[in-house]
Amino acid sequence: MSLLEFARGPAMEWALMIFMAGIAWRLSGTFLLRRNRDLSTVRHGASGAGGALYTVATRNFPRREFVASTAFTHIAGYTMHIGIAIVVFGFIPHILFFKDLIGLGWAGLSTNLVEIAAVFAIAAMAAQMLRRLFHPVLRAISTPDDYLSWLITLLPLITGVAAHDHWVTDYEMMLALHLLSVELLMVWTPFSKLLHGAWILPSRAQLGSAFGRRGVRI
C-alpha cells in the first residue's frame, strides 16, 4: 500500500470516525453539565429568546467604540475564515469529496479564485502569528494549543497549494501529505480550541439570553 492509498483509505476512515466521535463526545458532555435553575424574574418587556437572537446577530461586528482598536483582529480573522471557507467549500475536488461522503454537491468556483483565497488565508494566518509573537499580552496568554492549532490549520492550506501548483515533482507524495495534514486537522479539532467553531453561536445565544431576561443588551 502506497502512502497515497493509505491517506485516501484507512487514514481518512479513522480520521472521520475520530472527528465525529470527538465532536459528539464534547457536545454531549457540555449538554449534560448540571445547570443551576434560573430563579431571576424576567423584566417587563424583556425576552431571553430576543436577547439570544440579538447577540448572535450583532456580535459578528465590533461596537463603534472598539472599531479602531480591534480592526486588525477582525480584518485578519475574517480574511482567514472566509478564505478557508472558500477553499473548503468552493474547490471542485473538495465538493466531489463531500458528494461521495454525504451525497450532496454544489457548483464550484474557479480554480484561480480558490487559490487566491488560499493565499489570502495563509497571509492572514502569518500576520496573526506575528502579532501573537510580538504582542506582549497575546504572547503571555498564549498556550501550546494556540500554536499547535495555528500550525495544524495552516498545513492543509500550504500542502494543498503545493500539490495543486506542483511545487515538487512527486505529485502523489504531495497529495498524500495534503490528505494526511487534513486528517490530522480532523483528529485535532474536537480536542482543541478549534472546536470554537461549534460553540460560538450557542455560547453567544446563551449569554444573550441570560442578559436578555434582565433587559440588558450586550
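These numbers come from a predicted model, not from an experiment.

Each value, and the rule that gives it
Residues numbered from 1 in each chain as written. Predicted model: local features only at pLDDT ≥ 70, side-chain atom pairs only at ≥ 80, totals over all residues. Heavy atoms only, no water. Helix = DSSP H or I, 4+ residues; strand = E, 2+ residues; numbered from the N terminus. Buried < 20%, exposed > 50% of the residue type's maximum accessible area, 1.4 Å probe, protein only. Lys, Arg positive; Asp, Glu negative; His and termini not counted. Charge placed at Lys NZ, Arg CZ, Asp CG, Glu CD. Salt bridge = Lys/Arg side-chain N within 4 Å of Asp/Glu carboxyl O. Core = buried A, V, L, I, M, F, W, Y, C linked by side-chain atoms within 4.5 Å. Contact = heavy atoms within 4.5 Å.

## Re the overall build of the protein
The helix and strand tally for the protein stands at 10 helices and 0 strands. In the protein, the succession of α and β elements from N to C terminus is α-α-α-α-α-α-α-α-α-α. Overall, the C-alpha framework of the protein stretches about 70 × 40 × 40 Å when taken along its three principal axes. Taken over 218 residues, the protein has a buried fraction of 28%. Between the mean site of the 18 positive side-chain charges and the mean site of the 12 negative ones, the protein shows a separation of 24 Å.

## Remarks on the pattern of salt bridges
Counting across every chain of the model gives 2 salt bridges. We note a salt bridge from Asp146 to Arg132, for which the minimum N-O separation is 4.0 Å. Taken as a pair, Asp146 in helix 8 (residues 144–164) and Arg132 in helix 6 (residues 111–134) lie far apart in primary sequence, 14 residues in all. Note that Asp146 and Lys193 form a salt bridge whose closest N and O atoms lie 3.2 Å from each other. Here the residue Asp146 occupies a position in helix 8, and Lys193 occupies one in the loop between helix 9 (171–188) and helix 10 (196–212), the gap between them amounting to 47 residues.

## Re the nonpolar core
In this structure, Met80, Val87, Phe91, Val114, Ala117, Ala118, Ala121, Ala124, Met125, Leu154, Leu157 and Val161 together form the largest nonpolar core, which totals 12 residues. Ranked by residues supplied to this core, first place goes to helix 6 with 6 residues. When sequence neighbours within four positions are dropped, the list of residues in contact with Ala121 reads Thr79, Met80, Gly83, Ile84 and Leu157. Within the second largest apolar cluster, 9 residues are counted, among which are Ala7, Met12, Ala15 and Leu175.

## A closer look at the environment of Ala85
Relative to the helices and strands, Ala85 resides in helix 4 (residues 67–90). Note: C-alpha distance between Ala85 and Ser2 (83 residues apart in sequence) is 30 Å.

## Some remarks on the side chain of Thr153
With respect to the helices and strands, the residue Thr153 is situated in helix 8. Leave out the neighbours within four places in its chain, and Thr153 touches Ile84, Met125, Leu185 and Leu194.

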